[in-house]
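Take a look at the letters that make up each chain.
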Amino acid sequence: MAESAEQVHARVMAAADADGRMPLPSVAEWDIFPWEVVDGALAAKPLAAPAPEKPRMGEDGVDCTICTPEPAGLIWTNDRWRLKHLAERSGLPLVVMLEPWEHLDFDDLDDAMAAEYGRLAVRIARIVEGLPNIGRCHVMRVGDGAEHLHVWFMARTAGLPSVLGSFAVDWDDILPAGPEEPWREDLVALATALASYDGRAVGLDD
Ligand SMILES: [Zn+2]
């Protein structure tokens, strides 16, 4: 089972500096990070001038790194969809990604695939939110980086009032990763429960 809020807080405080702060994550240096310090005060950055949209990774399926017959981190699959964990654990207790096997963007889904996506998304969120010490499972399709559909399911710890709403995504980068064993237990529990509806759980790799 995932750590409790008290366990997460104690672990993070042990890793933090004397003021209880973790180091700034790299996202703070990204061009699209919207805040900066001006004259000692936090301020919103000026809105950048209009510019052409940049091509996303794998446009039209060309050089798409998500199109692979053997995706790393696979925990569940059926003939059309797969669920995987990311390469490394992160600050939130459980982060998984749902992708179609075929190179499809969100608006490429036909009615049958859209209906199946909806059922899977609800089932995954329901299962994750039923795990101990999980407060909510946030579901996100962003899609600005890669064309191949990849939907994020990000579980936050129950009872940590800082880690709430859309800012839970930032805390995923700020907080140090938790222990591996409960993370793997929750991945197995998720894959096994999802397979009770459809598809099959597959062995966890590294
Ligand atoms: Zn693809």
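Structure first, text after, so check above.
Each chain carries its own residue numbering, running from 1 in the direction its sequence is written. The model is predicted, so local features are restricted to residues of pLDDT at least 70 and side-chain atom pairs to those at 80 or more, both for listing and for counting; the totals for chains, interfaces and linings are taken over all residues. Note that the side-chain values use all heavy atoms of the structure and ignore hydrogens as well as water.

S.K.: Requested: an account of the packing of helix 2 (residues 111-129) against helix 4 (residues 180-195), with residues and values cited.
M.R.: At a minimum axis distance of 10 Å, the contact between helix 2 and helix 4 shows a crossing angle of 135°. Between helix 2 and helix 4, the angle falls in the class oblique. In the packing of helix 2 onto helix 4, the handedness of the crossing is right-handed. From helix 2, Leu120, Arg123, Ile124, Ile127 and Val128 reach across to helix 4, where they touch Ala189, Leu190, Ala193 and Leu194. For this classification, the nonpolar set comprises Ala, Val, Leu, Ile, Met, Phe, Trp, Tyr, Cys and Pro, the charged set comprises Asp, Glu, Lys and Arg, and every other residue, Gly included, is treated as polar. Classifying every residue of the contact of helix 2 with helix 4 by side-chain character gives eight nonpolar, no polar and one charged. For helices, the axis comes from a line fit to the C-alpha atoms of the stretch in contact; other axes are also lines fit to C-alpha atoms, and the angle between any two N-to-C directions lies between 0 and 180 degrees. A run of H or I in DSSP counts as a helix once it spans at least four residues, and a run of E counts as a strand once it spans at least two, with each numbered from the N terminus. With respect to orientation, any angle under 35 degrees is reported as roughly parallel, any angle over 145 as roughly antiparallel, any angle of 65 to 115 as roughly perpendicular, and every other angle as oblique. Handedness of each helix crossing follows the sense of rotation of the near helix against the far helix: counterclockwise by less than a right angle gives left-handed, clockwise gives right-handed. By definition in these notes, contact holds between two residues if any of their heavy atoms fall within 4.5 Å.

S.K.: Outline the packing of aromatic side chains, listing residues and values.
M.R.: Pairs were defined over the aromatic rings of Phe, Tyr and Trp, the Trp ring being its six-membered one, requiring ring centres within 6.5 Å. Orientation was assigned from the angle between planes: stacked under 30 degrees, edge-to-face over 60, tilted for the rest. This structure, assessed with the given rule, holds two aromatic pairs. Aromatic side chains Trp81 and Tyr117 sit 6.0 Å apart centroid to centroid with 35° between the ring planes, which places their arrangement in the tilted category. Taken together, the positions of Trp81 in strand 4 (residues 81-85) and Tyr117 in helix 2 put the pair 36 residues apart, joining distant regions of the chain. The buried label applies to any residue whose accessible area, calculated with a 1.4 Å probe on protein chains only, is under 20% of its type's maximum; exposed applies above 50%, and partly exposed to all values in between. For Tyr117, a relative accessible area of 14% gives the class buried. Pairwise contacts between aromatic rings join Trp81, Phe106 and Tyr117 into one cluster. Between the NZ or CZ atom of Arg82 and the centre of the ring of Trp101, over which it lies, the distance is 4.6 Å. The ring centre of Trp183 lies 5.8 Å from the NZ or CZ of Arg89, which sits over that ring. A ring is scored as having a charge over it whenever the NZ atom of a lysine or the CZ atom of an arginine sits within 6 Å of its centre and within 35 degrees of its normal.

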